[in-house]
Amino acid sequence: MIFLYIDPGTGSLIITSLVALFISLKNFLLNVYYKLISFFSTKKNKLKNDFSGKLVFFSEGKKYWLVFKPVLDNLNKKKIPFIYLTADSSDPGLKLNSSYYLGNMNSAIHFLNNLKAKVLVCTTPQLDILQWKRSKNVKHYCYINHSPVDIHSYKKFAFDHFDSILCTSSFQIKNLNYLEKSRGSKCKVLLETGCTYYDEIFEKKINNRYNEFILIAPTWGDRSFLLKYGYSIIKTLINNNYKIIFRPHPQSWISDLDSLNIIIKKFKNYKNFLVDKEINSEESTSKSKVLITDISSGIVHDIIFLNNLPVLAIDFSWDDGGYESSSLNSKSSSSYLINDFGKILKEEDLESIVEIIEKSKSFIINEKTINKHVFNFKNSGYIASNQIMKIYNSI
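Every value quoted in this text rests on a predicted model; they were computed, and no experiment measured them.

Novice: When you look at the overall build of the chain in this model, what are you seeing that I'm missing?
Specialist: Of regular secondary structure, the chain possesses 14 helices and 13 strands. In the chain, buried positions account for 51% of the 395 residues. Excluding contacts between residues fewer than 6 apart, the proportion of contacts in the chain whose partners are at least 24 apart in sequence is 71%. Accessible surface computed for the chain: about 20,300 Å², of which carbon and sulfur atoms make up 54%.

Below is the structure:
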């Protein structure tokens, strides 16, 4: 019998080489896959990616429509032409003139990688990091924030390769400046814009007459209390006869589906347990008296500004190695807001969550207070349209 001996150094080299070969093969096959999808979808739609010299907007889908709508409405009022691209066939933006459906996100990304345009405005982060690459034929990439939350919960390098960012608050600007200096990355144009969808949702009156529910709305993935504490929190509240609306993040129905199914299966027969899967959260929030969520959740600002509801935000230990929070030396802006209008709960506080809910009180918030946390409240669509055109005309 013949025995083969491989020393540890050689073995490590072989393993590393095999891993590198696997990654290269995977990327090659993905690239072929995207090209095939793009070829057939482009052939079907007869859409070319040449919008040279034009202002182009790209949306991942209808859930971002209210982010773009106030900006596009103001451009239409000024009779300024633009192109609207989307990866969602049900996007309301497809009713606009010069709007196009690109197919699913895989098709859309390949299309954008070869786009020709003067300015591209989008809500999609991580440009030039993974599959989505900067096109040499796009002169300027502008990121418009779809949420007032700070940048801590975004994946690393989410904004590094944009040319400009329409920021929602001074907290974002401060932290983006910090990352630029600490990384030595390119200096971007950071603009005081605001949260554009507030122009739309604050035009609607929210009815709070039926505020008898506890709204549990965790974010998704490893930044959320859902996986570790979701079941036990709901069980405690159900056992204490609270009425619960359980509203997981839309991405949870993809990334955390197994955990959601366990929770829903356990409590679906309780009359005081409701599940909300609607894109719009207005009905659930109008029936609620307290929100329980994560400190990094994007719903915190909306609930406080629009509904005047106290927020109980759970702050627990999580691995932030792949997120911008690991590169920042400041607290998230949400923590300052919650300290004023709610309570930040540590893991040990969850044992007393019933008592904490009973002590929570509603409040009145005014625009002066809101303006400390977000730019151009209820007027950011107009501001954004002017900022975008200033960028466009300067190129």
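There's plenty left to go through after this.
Novice: Help me out: how do you make sense of the nonpolar core in this one?
Specialist: Where a protein is soluble and globular, its nonpolar side chains tend to be buried together. In terms of nonpolar packing, the biggest core is built from 49 residues, with Leu55, Phe57 and Leu75 touching the most fellow members. Excluding residues that lie within four positions of it along the chain, Phe57 makes contacts with Phe68, Val71, Leu72, Leu75, Phe82, Ile83, Tyr84, Leu85, Leu120, Val121 and Ile388. Counting 34 residues, the second-largest nonpolar core is a separate cluster that includes Leu47, Phe58, Leu112 and Tyr154.

Novice: Would you explain the sheet that holds strand S13 (residues 342-345) in this entry?
Specialist: Backbone-to-backbone hydrogen bonds join strands into a sheet, with any given pair of strands oriented parallel or antiparallel. Taken in spatial order, the six strands make up an open sheet running S10-S9-S8-S11-S12-S13, and their pairing is parallel. Of all strands in the sheet, those bounded by a partner on one side alone are strand S10 (273-275) and S13. The sheet shows a mean angle of 20 degrees between the axes of neighbouring strands, taken without regard to direction. Note: strand S8 (residues 213-216) against strand S11 (residues 288-294), four bridges, orientation parallel. Within the sheet, the bridge partner assigned to Phe213 lies in S11 and is Ser288. Against the sheet, helix H10 (residues 299-307) makes contact with S8, S11 and strand S12 (311-314), and its axis sits at roughly 160 degrees relative to S11, the strand it touches most.

Novice: Would you mind going over the packing of aromatic side chains with me for this structure?
Specialist: Two aromatic rings, taken as a pair, are described by how far apart their centres are and by the angle between their planes. Evaluation of the coordinates by the stated rule reveals 19 aromatic pairs. Taken together, a centroid distance of 6.3 Å and an interplanar angle of 75 degrees make the contact between Trp132 and Tyr141 edge-to-face. Pairwise contacts between aromatic rings join Trp132, Tyr141, Tyr143, Tyr154, Phe159 and Phe162 into one cluster. Positioned above the aromatic ring of Phe213, the side-chain terminus of Lys243 is 6.0 Å from the ring centre. Lying over the aromatic face of Trp253, Lys277 brings its terminal NZ or CZ to 4.4 Å of the ring centre.

Novice: Explain the side chain of Asp150 to me, please; I cannot follow it from the model alone.
Specialist: Mapping Asp150 onto the fold places it in the loop between strand S5 (138-144) and strand S6 (164-167). Buried and without a salt bridge, Asp150 has Lys174 as its closest oppositely charged side chain, separated by 8.6 Å. Looking at Asp150, its side chain comes within polar contact range of the main-chain nitrogen of Ser333, at 3.2 Å.

Novice: Help me out: how do you make sense of helix H6 (residues 226-239) in this one?
Specialist: Quick reminder: α-helices carry 3.6 residues per turn. Residues three or four places apart thus point the same way. The first and last C-alpha atoms of H6 sit 18 Å apart over 14 residues, in line with the 20 Å expected at 1.5 Å per residue. Listed in full, the buried residues belonging to H6 are Leu226, Tyr229, Gly230, Ile233, Ile234, Leu237 and Ile238. End-on, the buried residues of H6 take up no more than an arc of 160 degrees, which puts them together on one face. Turned more than 90 degrees off the buried face of H6, the exposed positions are Lys228 and Asn239. At the C-terminal side of H6, Asn241 shows a positive phi close to 65 degrees.

Novice: How should the pairing of S11 be read in this particular structure?
Specialist: The side chains of a regular strand alternate, first on one face of the sheet and then on the other. S11 sits mainly inside the fold: six of its seven residues count as buried. Note that S11 and S12 share four bridges and pair parallel. Considered in S12, the bridge of Asp294 is made with Ile314. Read from S11 through H10 to S12, the crossover connection turns out right-handed.

Calculation notes
- Residues numbered from 1 in each chain as written.
- Predicted model: local features only at pLDDT ≥ 70, side-chain atom pairs only at ≥ 80, totals over all residues.
- Heavy atoms only, no water.
- Helix = DSSP H or I, 4+ residues; strand = E, 2+ residues; numbered from the N terminus.
- Buried < 20%, exposed > 50% of the residue type's maximum accessible area, 1.4 Å probe, protein only.
- Contact = heavy atoms within 4.5 Å.
- Areas by Shrake-Rupley, 256 points an atom, 1.4 Å probe, with all protein chains shown as cover.
- Core = buried A, V, L, I, M, F, W, Y, C linked by side-chain atoms within 4.5 Å.
- Pairing = 2+ DSSP bridges.
- Axes fitted to C-alpha atoms, helices over the stretch in contact; angles between N-to-C directions.
- Phe/Tyr/Trp six-rings, centres within 6.5 Å; stacked < 30°, edge-to-face > 60°.
- Lys NZ or Arg CZ within 6 Å of the ring centre and 35° of its normal.
- Lys, Arg positive; Asp, Glu negative; His and termini not counted.
- Salt bridge = Lys/Arg side-chain N within 4 Å of Asp/Glu carboxyl O.
- Polar contact = N/O pair within 3.5 Å; in protein donor to acceptor, adjacent residues only side chain to side chain.
- Expected span 1.5 Å × (residues − 1).
- Arc of directions from axis to C-beta.
- Right-handed = clockwise from strand over helix to strand, strands pointing away.

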